[in-house]
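Each chain, written out:
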Amino acid sequence: MDNLNNIGFSHWFRSRLDADKVAAHAIARVVSVHKERYTITNGQGEVFAELSGNLFYTADSPTDLPTTGDWVYADFYDDDTHAIIHGVMPRKTLLRRKTAGKLVDFQLIAANIDVAFVIQSADYNFNLRRLERYLVMVNESGITPVILLSKCDLITQNEVENIKASLLSIAPHVTVLAYSSLSGENIDVIKKYLLPGNTYCLLGSSGVGKTTLLNSLLGSRQFETQSVSKKQNKGRH
Ligand SMILES: Nc1nc2c(ncn2[C@@H]2O[C@H](COP(=O)(O)OP(=O)(O)O)[C@@H](O)[C@H]2O)c(=O)[nH]1
Ligand SMILES: [Mg+2]
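Residues numbered from 1 in each chain as written. Chains lettered and ligands numbered in written order. Predicted model: local features only at pLDDT ≥ 70, side-chain atom pairs only at ≥ 80, totals over all residues. Heavy atoms only, no water.

Participant: Explain the sheet that holds strand β10 (residues 175–178) to me, please; I cannot follow it from the model alone.
Facilitator: As a general point, the strands of a sheet are linked pairwise by backbone hydrogen bonds and lie either parallel or antiparallel. The parallel open sheet is built from 4 strands, whose spatial order is β10-β9-β8-β11. In this open sheet, the two strands that pair with only one neighbour each are β10 and β11 (200–203). Within this sheet the neighbouring strands show an average axis-to-axis angle of 25°, counted without direction. In this sheet, β10 lies alongside strand β9 (residues 144–150) in parallel orientation, the contact comprising 4 bridges. Its bridge partner lying in β10, valine 146 is registered against threonine 175. Against the sheet, helix α6 (residues 157–170) contacts β9 and β10, and its axis sits at roughly 160° relative to β10. Sheet strands in contact with helix α8 (residues 210–218) are β8 (115–121), β9 and β11, and its direction is about 145° off that of β11. (Pairing = 2+ DSSP bridges. Helix = DSSP H or I, 4+ residues; strand = E, 2+ residues; numbered from the N terminus. Axes fitted to C-alpha atoms, helices over the stretch in contact; angles between N-to-C directions. Contact = heavy atoms within 4.5 Å.)

Participant: Would you mind going over the sheet that holds strand β4 (residues 71–77) with me for this structure?
Facilitator: Here 5 strands make up a closed barrel; going around it, the order is β1-β2-β3-β5-β4 and the pairing mixed. Across this sheet, the average inter-strand angle for adjacent strands is 50°, counted without regard to direction. Where β4 lies against strand β5 (residues 82–88), 6 bridges are found, and the strand directions are antiparallel. Each bridged residue has a counterpart across the sheet, and for valine 72 the counterpart in β5 is valine 88.

Participant: Any chance you could explain the packing of aromatic side chains here in plain terms?
Facilitator: Each aromatic ring pair is described using two quantities: the centre-to-centre distance and the angle formed by the ring planes. Evaluation of the coordinates by the stated rule reveals 6 aromatic pairs. With centroids separated by 5.1 Å and ring planes inclined at 70°, the aromatic side chains of tryptophan 12 and phenylalanine 13 adopt a geometry described as edge-to-face. The class for tryptophan 12 is partly exposed, based on a relative accessible area of 24%. Cluster of aromatic residues (ring-pair linked, three or more members): Phe9, Trp12, Phe13 and Trp71. In this structure, arginine 16 is placed above the aromatic ring of tryptophan 12, and the distance from its NZ or CZ to the ring centre is 3.7 Å. Sitting over the ring of phenylalanine 106, arginine 96 keeps its end group 3.6 Å from the ring centre. (Phe/Tyr/Trp six-rings, centres within 6.5 Å; stacked < 30°, edge-to-face > 60°. Buried < 20%, exposed > 50% of the residue type's maximum accessible area, 1.4 Å probe, protein only. Lys NZ or Arg CZ within 6 Å of the ring centre and 35° of its normal.)

Participant: Is there a simple way to explain helix α5 (residues 128–140) in this structure?
Facilitator: An α-helix turns once every 3.6 residues. As a result, residues three or four positions apart point the same way. With 13 residues, α5 extends 18 Å from end C-alpha to end C-alpha; this agrees with the ideal 18 Å at 1.5 Å per step. Among all positions in α5, only Leu131, Tyr134, Leu135, Met137 and Val138 are buried. Axial view of α5: buried residues confined to an arc of 160°, hence all on one face. α5 presents Arg133 and Glu140 as exposed residues on the side facing more than 90 degrees away from its buried surface. Buried residues in α5 make contact with β6 (94–98), β7 (106–111), β8, β9, α6 and β11. (Expected span 1.5 Å × (residues − 1). Arc of directions from axis to C-beta.)

Participant: What am I meant to see in the side chain of threonine 67 here?
Facilitator: Positionally, threonine 67 belongs in the loop between α4 (53–58) and β4. Taking relative accessible area as the criterion, threonine 67 reaches 6% and is therefore assigned buried.

Participant: For this particular structure, what's the right way to read the domain arrangement of the protein chain?
Facilitator: How big an interface is tends to be stated in terms of accessible area lost as the parts join. Domain annotation for the protein chain reports domain 1 (2–88) and domain 2 (113–231). If you average the C-alpha positions of domain 1 and of domain 2, the two centres end up 30 Å apart. (Domains from an automatic or database assignment.)

Participant: Looking at this structure, I do not really get the environment of aspartate 78. What am I missing?
Facilitator: Take aspartate 78: it is sitting in the loop between β4 and β5. Judged by its relative accessible area of 58%, aspartate 78 is exposed. Separated by 137 residues in the primary sequence, aspartate 78 and asparagine 215 place their C-alpha atoms 34 Å from one another.

Participant: What am I meant to see in α6 here?
Facilitator: For α6, built from 14 residues, the straight-helix expectation of 20 Å at 1.5 Å per residue is met to within 8% by its first-to-last C-alpha distance of 21 Å. Within the span of α6, buried status applies to Val160, Ile163 and Leu167. Considered in projection along α6, the buried side chains sweep an arc of 70° and stay on one side of the axis. Exposed residues lying more than 90 degrees from the buried face of α6 are Asn158, Asn162 and Ser169. The inward-facing, buried residues of α6 abut α5, β9 and β10.

Right under this line is the structure:
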């Protein structure tokens, strides 16, 4: 159970376990979803997984199917190289966005996020209306937002203060932090927000510095940033 605790399996989920399902299956968390292909983990490595026929055919809507961050009941096979997902546990939070003009009303983004860092960059990208839309989505999901103003090395301290003041006018109760991955300013403050057992997400348009921030927090270049990805003509996220 220690491995599960480390990846966020808190009392909230433990107290909602289904005794019959626990007796029959292992517990795991969804790491990623690509169409019908899932990656799940029990805290020790990642395993390719598919849905059981029963779970797939009894789902009334896409919301009933697992999304990234979900806790699931699963069976592992072949030395834990493959798994089948049999059920989805109740969700503490669900981040989803409205899809315009489609049959499906909502697109699931992630489940069981505790804190969302909403990132806007201090340069051209800064836009209060867009930020408000992110905050609405986060608040509707029951997730705590923290606003991050990235690339504050590109503007003066005075400009940082002006932007902070305008942010406080639309979100008076939300923490706002200005930081720079380039100079390292306030990276240590952001790290203090990261508590063991909690789940976080980064939200923000392409190019605001999400990947660079992840690398700064990890102290490595584990993820490819935009300029590199562009050269290789890959999708950027
Ligand atoms: N000046 C400055 N540039 C940054 C900072 N963080 C990221 N960038 C640059 O912004 C661009 C987009 O960053 P990336 O992390 O790929 O953005 P993402 O699309 O949100 O993941 C890259 O060229 C980064 O080098 C920062 O703190 N200061
Ligand atoms: Mg990225």
